[in-house]
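Per-entry structural report
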2 protein chains.
Amino acid sequence: MSIRIGILGYGNLGRGVECAVRQNPDMELVAVFTRRKPEDLSIMTEKAAVCHVDEAAAWKDKIDVLILCGGSATDLPEQTPVFAKLFNVVDSFDTHAKIPQHFSNVDAAAKESGKVGIISVGWDPGMFSLNRMYANAILPDGKDYTFWGKGVSQGHSDAVRRIEGVKNAKQYTIPVDAALEAVRNGENPELTTRQKHTRECFVVLEEGADAAKVEEEIKTMPNYFVDYDTTVHFISEEELLRDHSGIPHGGFVIRSGRTGWEKENSHVIEYSLKLDSNPEFTASVIVAYARAAYRLAREGQSGCKTVFDIAPAYLSAKSGEELRATLL
Amino acid sequence: MSIRIGILGYGNLGRGVECAVRQNPDMELVAVFTRRKPEDLSIMTEKAAVCHVDEAAAWKDKIDVLILCGGSATDLPEQTPVFAKLFNVVDSFDTHAKIPQHFSNVDAAAKESGKVGIISVGWDPGMFSLNRMYANAILPDGKDYTFWGKGVSQGHSDAVRRIEGVKNAKQYTIPVDAALEAVRNGENPELTTRQKHTRECFVVLEEGADAAKVEEEIKTMPNYFVDYDTTVHFISEEELLRDHSGIPHGGFVIRSGRTGWEKENSHVIEYSLKLDSNPEFTASVIVAYARAAYRLAREGQSGCKTVFDIAPAYLSAKSGEELRATLL
């Protein structure tokens, strides 16, 4: 019997989940829930239903895991605890500073309902967190570095688009090679914000807009750009669509640390991702954790979990025997 | 109260465990067991006892986790099941093909005694296995690559040393850059043994030995060298000791895979290690899993486990709250 998956929210992430479910033969997508009019939504999976979110409760016994594909700013803080009362849920809540509060809210709801809620699943938080944690446990005497990119930052792209005179824009976050190399060599450098990443913007101007003024406004924007070396390119709308319509991303988690009686030996652990599609990769991680949520719930577990709390084998469709024989 | 650690076998790995325990304030080394005469063995930890292995049973209630530091060929297949009857144990059994049998033997012993036995801990098997497994669960449609090195292969060094006329030798396994790059670019190449790694030998000859004959014998040695491009350098004993006395190693686990409704997007997940000391790093992984063994046993679990079966948080000295606040 397949694991029956529901999706709440059909943006880039929701579509990514739909694709990922299709790649996992032990799962099937049964319903997509939306805040839009269901009849206006066209999905790719033929057999799945499209329903208004207000109907979700009626699916309580027809869905094994509901995957929440809303945003972290306003959707998930509210949705995840609410839906954890009815379903096993997985979300990709990524506001790092608010994770403890979110965990506590989801934990209370899921314990009450006897469901499992897995939060902050994806690559950062998610796979990057896991790799930070493993590396810290192995090398207690060391230093962590996380670099992001090269990739599109949605938040920074939005910030540029809000500037007067900007018609459209994409922003790439790029790790600085020299900083990466120093870290990889075990030099344990102290790096400023400016030394770790550069930012590159591709901007389409409104007709008659002042390019110099827009460039100045981008480069001096507090929080988003002022602490970085930023390059701004003005291009046509056609060029933007042709060359910058993807959503690539990636990054590096590196820990260097020392061992030995006199700490005489140095080690470098590196995990990196190079992703054509940020939402599809995030969705692929989420779907593996949905399998874990299903299994944990069947074992009678309940409450909120993160990637730290879940044994790796729960993510795989393979049995323990198969895993030991083929991947250990 | 500290986690009380015992070590069985005081070679490079045993000494590495001793160093790693010192770096973890929640642990203490209480005893080292040896097959040699205990009075002939000098260890670094002042407060720990040195005992003959035959006395180990008397330490049954004074040790929380016994770390088995013998070899995979003959020591561990026998020792791990035997000591799992008395102690929670961790080993680094690394004969991949025999893991299923070893698992089954340790599982039976540990279930009978109510202890936890964690096998095949280190970096390969170990951290490399974990990364293969996570990457396979996330990207079901993809291809795995493992590269080793640059590092010293003990088995290959031994094989060279057995050749007549060779006084001493060190062999390095080196991944081929072009192959690594092709994999990183998502090209999914089919690679022969020769295309993945080269081998480099540093050889000290006995007086009067025939260098050309030794070189020929190395390069044509079945299983060990014949399928590789091998370089042989003849050096003095002084040079070998000065430049090649370390035990560095490392490697790369890479999975590239595709997502999207039409599999239109490509992703590359890479995990790599660069290690000054292979045994000290292996020991550092083992000690983190010793913490897990201790905790699992306290929860009442028993039987054989691998890295696949253990939730990451069990490895860390930090609480769930701390982990979520600092590393997620």
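A brief look at the structure comes next. (Residues numbered from 1 in each chain as written. Chains lettered and ligands numbered in written order. Predicted model: local features only at pLDDT ≥ 70, side-chain atom pairs only at ≥ 80, totals over all residues. Heavy atoms only, no water.)

**Brief notes about the nonpolar core**
Stated precisely, the cut-off is as follows: We call a set of buried residues a nonpolar core when its members are Ala, Val, Leu, Ile, Met, Phe, Trp, Tyr or Cys and they connect through side-chain atoms within 4.5 Å of each other. Accessibility here uses a 1.4 Å probe with only protein chains present; expressed as a share of the type maximum, an area under 20% marks a residue as buried, one over 50% as exposed, and anything in between as partly exposed. Every residue pair with non-hydrogen atoms within 4.5 Å of one another is taken to be in contact.
By size, the foremost hydrophobic cluster in this structure holds 162 residues, and its most contacted members are Phe 33 and Tyr 289 of chain A together with Tyr 289 of chain B. Excluding residues within four positions of it along the chain, Phe 33 of chain A makes contact with Ile 7, Leu 8, Gly 9, Cys 51, His 52, Val 53, Glu 55, Ala 56, Trp 59, Ile 63 and Leu 66 of chain A.

**Here's the deal with the interface of chain B and chain A**
Defined as follows: Reported buried area values correspond to the accessible surface (1.4 Å probe) lost by two parts on association, with both partners' losses combined. We define a salt bridge as a contact between a side-chain nitrogen of Lys or Arg and a carboxyl oxygen of Asp or Glu at a distance within 4 Å. Here a polar contact means two N or O atoms within 3.5 Å. Within protein one must be a hydrogen donor candidate and the other an acceptor candidate, and residues neighboring in sequence count only if both atoms are side-chain atoms. When residues are sorted by character, Ala, Val, Leu, Ile, Met, Phe, Trp, Tyr, Cys and Pro go into the nonpolar class, Asp, Glu, Lys and Arg into the charged class, and all the rest, Gly among them, into the polar class. Two strands qualify as a pair provided that DSSP identifies no fewer than 2 bridges between them. The way it works is that DSSP assigns letters per residue, a run of H or I at least four long becomes a helix, a run of E at least two long becomes a strand, and they are numbered from the N terminus.
Facing the 70 residues of chain B at the interface are 70 residues of chain A. Of all residues in chain B, Trp 261, Arg 324 and Leu 328 of chain B give up the largest surface area on contact with chain A, accounting jointly for 15% of the area buried on that side. Where chain B packs against chain A, one counts 0 salt bridges. If you look at where chain B meets chain A, you find 29 residue pairs in polar contact (both at pLDDT 80 or more). Residues of the side of chain B that touches chain A, tallied by class, amount to 35 nonpolar, 19 polar and 16 charged. Note: strand 13 (residues 265-275) of chain A against strand 13 (residues 265-275) of chain B, 9 bridges, orientation antiparallel.

**Re the relation of the copies chain B and chain A**
To be explicit about the condition: Here the copies are superposed with least squares, the fitted atoms being C-alpha atoms of residues at a pLDDT of at least 70 in both.
Of the transformation placing chain B onto chain A, the axial shift is 0.0 Å and the rotation is 180 degrees, giving an RMSD of 0.0 Å. Those values place the two copies in the arrangement expected of a two-fold rotation axis. Looking at the rotation axis and the C-alpha trace of chain B, the residue lying nearest is Ala 311 of chain B, at 1.9 Å. Comparing interface residues between copies, 100% of those in chain B also sit at the interface in chain A, which points to an isologous, same-surface contact.

**A short note on unusual backbone geometry**
Of the consecutive residues Asp 124 of chain A and Pro 125 of chain A, the connecting peptide bond is found in the cis state with omega at 5 degrees. For Pro 125 of chain A, the location among the structural elements is in the loop between strand 6 (116-118) and helix 4 (127-138). With a phi angle near 60 degrees, Ser 120 of chain B is a residue other than glycine that sits in the positive phi range. Inspection of the secondary structure assignment puts Ser 120 of chain B in the loop between strand 6 (116-118) and helix 4 (127-138). Given a relative accessible area of 0%, Ser 120 of chain B falls into the buried group. Although it is not a glycine, Lys 263 of chain B sits at a positive phi angle of roughly 55 degrees. Take Lys 263 of chain B: it is sitting in the loop between strand 12 (249-259) and strand 13. With a relative accessible area of 41%, Lys 263 of chain B lands in the partly exposed category.

**Quick word on the packing of aromatic side chains**
How we decide: The rule is short: rings of Phe, Tyr and Trp, with Trp giving its six-membered ring, pair when the centres are within 6.5 Å, and they are stacked under 30 degrees, edge-to-face over 60, tilted in between. Whether a charge lies above a ring is judged from NZ of Lys or CZ of Arg, which has to be within 6 Å of the ring centre and within 35 degrees of the ring normal.
Summed over all chains, the structure comprises 9 aromatic pairs over all chains. Residues Phe 128 of chain B and Tyr 271 of chain B carry aromatic rings whose centres are separated by 6.1 Å and whose planes lie at 85 degrees to one another, so their mutual orientation is edge-to-face. You can see Phe 128 of chain B sitting in helix 4 and its partner Tyr 271 of chain B sitting in strand 13, a full 143 residues away along the chain. According to the relative accessible area criterion, Tyr 271 of chain B is buried, its value standing at 2%. Centroid distance Tyr 172 of chain B to Phe 202 of chain B: 5.7 Å. Interplanar angle 85 degrees. Geometry classified as edge-to-face. Taken together, the positions of Tyr 172 of chain B in strand 9 (residues 166-175) and Phe 202 of chain B in strand 10 (residues 197-205) put the pair 30 residues apart, joining distant regions of the chain. Judged by its relative accessible area of 12%, Phe 202 of chain B is buried. Clustering of aromatic rings is evident, with ring pairs tying together Trp 123, Phe 128 and Tyr 271 of chain A. In this structure, Arg 324 of chain A packs its charged tip against the face of Phe 103 of chain B, placed 3.5 Å from the ring centre. Over the ring of Tyr 10 of chain B we find Arg 15 of chain B, and its NZ or CZ is 5.6 Å from the ring centre.

**Let's talk about the side chain of Asp 124 of chain B**
Residues and elements named next belong to chain B. The residue Asp 124 is located in the loop between strand 6 and helix 4 in this model. A polar side-chain atom of Asp 124 sits 2.8 Å from a polar atom in the side chain of Arg 132. Polar side-chain contacts of Asp 124 include one of 2.9 Å to the side chain of Trp 148.

**Regarding the sheet that holds strand 9 of chain B**
All names here are of chain B. Formally: Geometry is summarised by axes, namely lines fitted to C-alpha atoms with helices restricted to the contacting stretch, and by angles between N-to-C directions that run from 0 to 180 degrees.
With respect to topology, 4 strands assemble into an open sheet ordered 8-9-10-11, the strand pairing being mixed. The open sheet terminates on both sides in strands that have one partner only, identified here as strand 8 (151-152) and strand 11 (229-234). Here strand 10 runs beside strand 11; their pairing, made up of 6 bridges, is parallel. Its bridge partner being in strand 11, Glu 200 is matched across the sheet by Thr 231. Strand contacts of helix 5 (residues 154-161): strand 8, strand 9 and strand 10, with the helix running at about 145 degrees to strand 9, the strand carrying the most contacts.

**A word on helix 6 (residues 177-184) of chain A**
Given 3.6 residues to a turn, an α-helix orients residues that are three or four positions apart in the same direction. Residue and element names in this part refer to chain A. Filter applied, for reference: Taken from the helix axis, the directions to the C-beta atoms give the arc we talk about.
Every buried residue of helix 6 is accounted for by Ala 179, Leu 180, Ala 182 and Val 183. Relative to the axis of helix 6, the buried residues are bounded by an arc of 165 degrees and lie together on one face. Opposite the packed face of helix 6, turned more than 90 degrees from it, sit the exposed residues Asp 177 and Ala 178. As for helix 6, its buried residues are in contact with strand 7 (142-148), strand 9 (166-175), helix 7 (193-196), strand 12 (249-259) and strand 13.

**Looking at the sheet that holds strand 14 (residues 303-305) of chain B**
All names here are of chain B. An order of 3-2-1-4-5-6-14 is seen for the 7 strands of this open sheet, with the pairing classed as parallel. Each having just a single partner strand, strand 3 (49-52) and strand 14 make up the two edges of the open sheet. Between one strand axis and the next, the sheet turns through 25 degrees on average, direction left out of account. Across 3 bridges, strand 4 (residues 65-68) lies against strand 5 (residues 88-90) in parallel orientation. Bridging from a neighbouring strand, Ile 67 pairs with Val 90 of strand 5.

**Examining the layout of surface pockets**
Applied cut-off: Grid spacing is 1 Å over the protein atoms alone, the probe is 1.4 Å, and a cavity is where that probe fits but cannot get out, while a pocket is an open set with protein on both sides within 12 Å along at least five of seven lines and lining residues have an atom within 4 Å of a point. Grid points are joined across faces, edges and corners, and a volume is the space filled by probe spheres set on the points.
Empty space within the largest pocket amounts to approximately 1400 Å³. Lining the largest pocket we find 45 residues, and of these Ser 72, Asp 94, Asp 124, Gln 154 and Asn 278 of chain B sit closest to its centre. Elements supplying a minimum of two residues to the lining of the largest pocket: helix 1 (12-22), helix 2 (75-83), strand 7 (142-148), helix 5, helix 7 (193-196), strand 10 and helix 10 (278-298) of chain B. With 4 residues, the top contributor of residues to the lining of the largest pocket is strand 7 of chain B. Lining of the second largest pocket is provided by 31 residues; of these, Ser 72, Asp 94, Asp 124, Gln 154 and Asn 278 of chain A occupy positions nearest its centre. Within the residue set of the lining of the second largest pocket, elements represented by two or more residues are helix 1 (12-22), strand 7, helix 5 (154-161) and helix 10 (278-298) of chain A. Classifying every residue of the lining of the second largest pocket gives 11 nonpolar, 16 polar and 4 charged.

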